[in-house]
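Listed below are the residues making up each chain.
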Amino acid sequence: MALPACAARALGPPLQPERGAPARTTCPRRHSRVEAELAASRPGSVAASVRAGPPRGVSRGFNSQPLLDEPLKAASSLVGAARAPLFALLLRGRRRRMHDLRRRWDLGSLCRALLTRGLAALGHSLKHVLGAIFSKIFGPLASVGNMDEKSNKLLLALVMLFLFAVIVLQYVCPGTECQLLRLQAFSSPLPDPYRSEDESSARFVPRYNFSRGDLLRKVDFDIKGDDLIVFLHIQKTGGTTFGRHLVRNIQLEQPCECRVGQKKCTCHRPGKRETWLFSRFSTGWSCGLHADWTELTSCVPAVVDGKRDARLRPSRNFHYITILRDPVSRYLSEWRHVQRGATWKASLHVCDGRPPTSEELPSCYTGDDWSGCPLKEFMDCPYNLANNRQVRMLSDLTLVGCYNLSVMPEKQRNKVLLESAKSNLKHMAFFGLTEFQRKTQYLFEKTFNMNFISPFTQYNTTRASSVEISEELQKRIEGLNFLDMELYSYAKDLFLQRYQFMRQKEHQEARRKRQEQRKFLKGRFLQTHYQTQSQSQNPNPSQNPNLNASQSGTQSLFQNLIQNLTQSSGQNLSPKENQESQKQNPGQEQSDGNTSNGTHDYIGSVEKWR
């Protein structure tokens, strides 16, 4: 079957009529307009031309639909007849896939065309808007001369100035340590390391004046020696969490062995069957449940070395550590804990060799526990040890007659207890604050030169925070814990000053390392430059003895330069580090004249600081 000429032109290249069939060169009258529109459209899109509308002169009325259907059927039959020889060779599934591919190609080309035109329209409108803004800004320049030329030159000058400033800034402050490179407008704000966990700025105005020795807490703790860390655990200060960090979260040569189902862990020194930590999770409550400063200082040496002869006891250093908490939050947390049935009856409260009597320390409740106690009843008990607990547990109770309140007046007793607690806290090897978990971790690592495996987590939602109290009750709790309030203010000031001091010291050390590295690179450059010049000037040293003498003098000067650089780097080391470096390199004193030894010594010192 042959196609009409107009349909063949619309659908593709002309087709040859079959043999024996008469060739038709004209289209039927009723299909002339439809085939003309098909010829004007793209080959293959028959339905598109039909959907565009009815032929000219045909209205969209009742009789127009049959007229549109017949040409569409005729055209589709013509297309099927034209493609029948090709599609007959393909399977039905492959024909369907080819049909879907053509449809997707048409849809993709349409989307690309719409996207291109949309972007062109957007760019055109943006150009007009920028032109209007530019004319508003640089309007006064139009009277002076050509506005476009002037504005283009000014814009180019501004761009060049900006690029120059960026290059200079990168040269002056390379890396990410420069605070000026933290552009808040182009990037998300980075957390300030000096900002505390409760979003209050740590760059405060100090209330207390501390010396450098009070701020610099760096303990020479040798875990392989005889020193001991003693953890003073105050109730409801987060000490349980910190105690677990000490036995499970520290990078050690010989980690603590913690078995499943057991609260205590075995924390032995490397190569010894002796503990380096005295805490709840390592040695248990060996000095009583939640032993205070008075109990620990008299009990720990006897527990650790009690079985040894006095002449064989090593000279130990006992490094005391503790954790403090906001007094109001700690008080409410202890009240909630007592409500659940906690009593701490196993606490010994030993002072001056004996526990207190029932008259010196009466009980606030009758029965086995104080469970279900309301807050008002908890606050009304005058013998409640929750009042000013942190001051009592950190002070030396022997100074005030232990628990005998008749030894001195109450006002004088409170003053002595507060001053004793402040002094003991200041001279402790380390103390942390529950409200500053990350800073607590940082100061412990810097103090003992021991790193934790995973970072501490700040828990701002606790049982105490869920208790809603009125302002009147809060003031009353602060009045009951007025000594703890004063101690916590003192401890917070000292804690944040130590943190700032250690951070500044760390930055100074990093700056000093960079300076020493620059000196080392300068020395290497001079050495390479000297060797290059000597090789280029004297290719055959045996033929020029005078040049050899001058080279030996120049080489001696260069060796003196390297030695001076090495000595200047060694002056920054502590005496202990110098002794260690001398022990590691005993033969360097005999070969000071050798340039390579001085250079390698300097490289070793730089690598050690790094």
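Whatever comes next refers back to the structure up there.
Residues numbered from 1 in each chain as written. Predicted model: local features only at pLDDT ≥ 70, side-chain atom pairs only at ≥ 80, totals over all residues. Heavy atoms only, no water.

A. Here's a closer look at the environment of M450. Examined against the element boundaries, M450 turns out to sit in the loop between α14 (437-448) and α15 (471-480). When near neighbours in sequence (up to four residues on either side) are disregarded, M450 contacts F221, I250, L252, W276, F444 and E445. (Helix = DSSP H or I, 4+ residues; strand = E, 2+ residues; numbered from the N terminus. Contact = heavy atoms within 4.5 Å.)

B. Here's a closer look at the packing of α14 against helix α16 (residues 482-537). It is at 10 Å that the axes of α14 and α16 come closest, and there the two elements cross at 60 degrees. The orientation of α14 relative to α16 falls into the category oblique. Both α14 and α16 take part in a crossing whose hand is left-handed. Residue-level inspection shows K439, T440, Y442, L443 and K446 of α14 in contact with α16, the latter providing F495, L496, R498, Y499, M502, R503 and E506. Looking at the contact of α14 with α16 residue by residue, the classes come out as six nonpolar, one polar and five charged. (Axes fitted to C-alpha atoms, helices over the stretch in contact; angles between N-to-C directions. Parallel < 35°, antiparallel > 145°, perpendicular 65-115°, else oblique. Left-handed = near helix turned anticlockwise from the far one by under 90°. Nonpolar A, V, L, I, M, F, W, Y, C, P; charged D, E, K, R; others polar.)

C. Just the nonpolar core, in detail. Within the largest apolar cluster, 71 residues are counted, with the highest numbers of intra-cluster contacts made by F242, W276, L296, I321, L394, F444 and F448. At 11 residues, the largest contribution of residues to this core is made by α16. Once you skip the residues sitting within four places of it in the chain, L394 turns out to touch L232, I234, W293, T322, L324, S420, A421, N424, L425, M428 and L487. Core analysis: the next-biggest nonpolar cluster, separate from the first, contains 17 residues, W335, W370, C373 and F378 among them. (Core = buried A, V, L, I, M, F, W, Y, C linked by side-chain atoms within 4.5 Å. Buried < 20%, exposed > 50% of the residue type's maximum accessible area, 1.4 Å probe, protein only.)

D. The arrangement of the state of the cysteines in detail. The tally for this structure, following the rule as stated, stands at five disulfides. For C256, the disulfide goes to C267, at an S-S distance of 2.1 Å. Judged by the sign of its S-S torsion, about 120 degrees, the cystine formed by C256 and C267 is right-handed. Separated by 11 residues along the polypeptide, C256 in the loop between α8 (239-248) and β2 (277-278) and C267 in the loop between α8 and β2 bring together distant segments of the chain. For the pair formed by C256 and C267, the shared burial category is buried. Disulfide partner of C351: C402, at an S-S distance of 1.9 Å. Measuring handedness by torsion sign, the sulfur bridge of C351 and C402 sits at about -75 degrees and is left-handed. Taken as a pair, C351 in the loop between α10 (327-339) and α11 (375-380) and C402 in the loop between α12 (389-394) and α13 (410-427) lie far apart in primary sequence, 51 residues in all. The residues C351 and C402 share a single accessibility class, namely buried. Free of any disulfide, C373 has its nearest neighbouring cysteine sulfur in C364, separated by 8.7 Å. The exposure class of C373 is buried, given its relative accessible area of 2%. (Disulfide = S-S within 2.5 Å.)

Everything listed here is a matter of coordinates, which is why it stays silent on function.
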